[in-house]
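Summary of the model geometry
Residue strings, one per chain:
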Amino acid sequence: TSGDGTTLAILEKKFLSRLGRSRWTIDAPPDQRAVAWALEESLSRALLRKIAGKFKRHCQTNIRILHHGSPVGTIIRRPESPGVFDLLELSPSATLDRRVAVALATLVFGSEP
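Here the structure is a predicted model, which is why all the values come from computation and not from measurement.

1. Regarding the pairing of strand β5 (residues 70-76)
Of the strand pairs in this sheet, strand β4 (residues 63-67) and β5 are connected by 5 bridges, and their pairing is antiparallel. Bridge assignment links I63 to a residue of β5, and that residue is I75. Taking the residues between adjacent antiparallel strands as the criterion, β4 and β5 are bridged by 2 residues, where H68 takes a positive phi near 50 degrees. Summarising the sheet, β5 and strand β6 (residues 87-90) pair through 4 bridges and their orientation is antiparallel. Looking across to β6, one finds that I76 is bridged to L87.

Structure, rendered in structure tokens:
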């Protein structure tokens, strides 16, 4: 929600996504369902993350953010270069509300190893 109490979006993670790739659905209320998604890179990397990601940083997966079917950003959890991880990258032309993207990244960083 925004500072004045207006609902910006509803972030939802399906229970079954814990078995494979984590997938978040972003609904922009009140009338737009599933306008954006965030999902892990691949199933194999997701399974590796579930086994060893808590112990080895390079086993983490990055998460792609799609808005209306086109890629708008990435949540970077795996270090690709020294010191570059736990980062939210959004395209300058992204139409997804940046407050919603920050809330999503906060949930991802806080809830998943």
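Now that the structure is up, let's keep going.
2. So, the pairing of strand β2 (residues 23-28)
Most of β2 is tucked away: 5 of the 6 residues are buried. Two elements, strand β1 (residues 10-13) and β2, share 4 bridges in a ladder whose sense is antiparallel. Paired with K13 across the two strands is W24, which belongs to β2. Here 5 bridges tie β2 to strand β3 (residues 32-40), and the two strands are oriented antiparallel to one another. Of the residues in β3, the one forming a bridge with I26 is A36.

3. Notes on helix α1 (residues 43-52)
Listed as buried for α1 are A46, R49 and A52. All buried residues of α1 lie within an arc of 155 degrees about the axis, which places them on one face of the element. The exposed residues of α1 that point more than 90 degrees off its buried face are S44 and I51. Residues of α1 that are buried make contact with β3.

4. Topic: helix α2 (residues 98-111)
Taking 1.5 Å as the rise per residue, α2 with 14 residues should run 20 Å; its terminal C-alpha atoms sit 20 Å apart, in good agreement. Within α2, the full set of buried residues consists of V100, A101, L104, A105 and V108. The buried residues of α2 occupy one face: seen down the axis, they fall within an arc of 135 degrees. Within α2, the exposed residues directed more than 90 degrees away from the buried face are T106 and G110. If you follow the buried residues of α2, they end up packed against β1, β2, β3, β4, β5 and β6.

Here is what the cut-offs are and how they apply
Residues numbered from 1 in each chain as written. Predicted model: local features only at pLDDT ≥ 70, side-chain atom pairs only at ≥ 80, totals over all residues. Heavy atoms only, no water. Pairing = 2+ DSSP bridges. Helix = DSSP H or I, 4+ residues; strand = E, 2+ residues; numbered from the N terminus. Buried < 20%, exposed > 50% of the residue type's maximum accessible area, 1.4 Å probe, protein only. Arc of directions from axis to C-beta. Contact = heavy atoms within 4.5 Å. Expected span 1.5 Å × (residues − 1).

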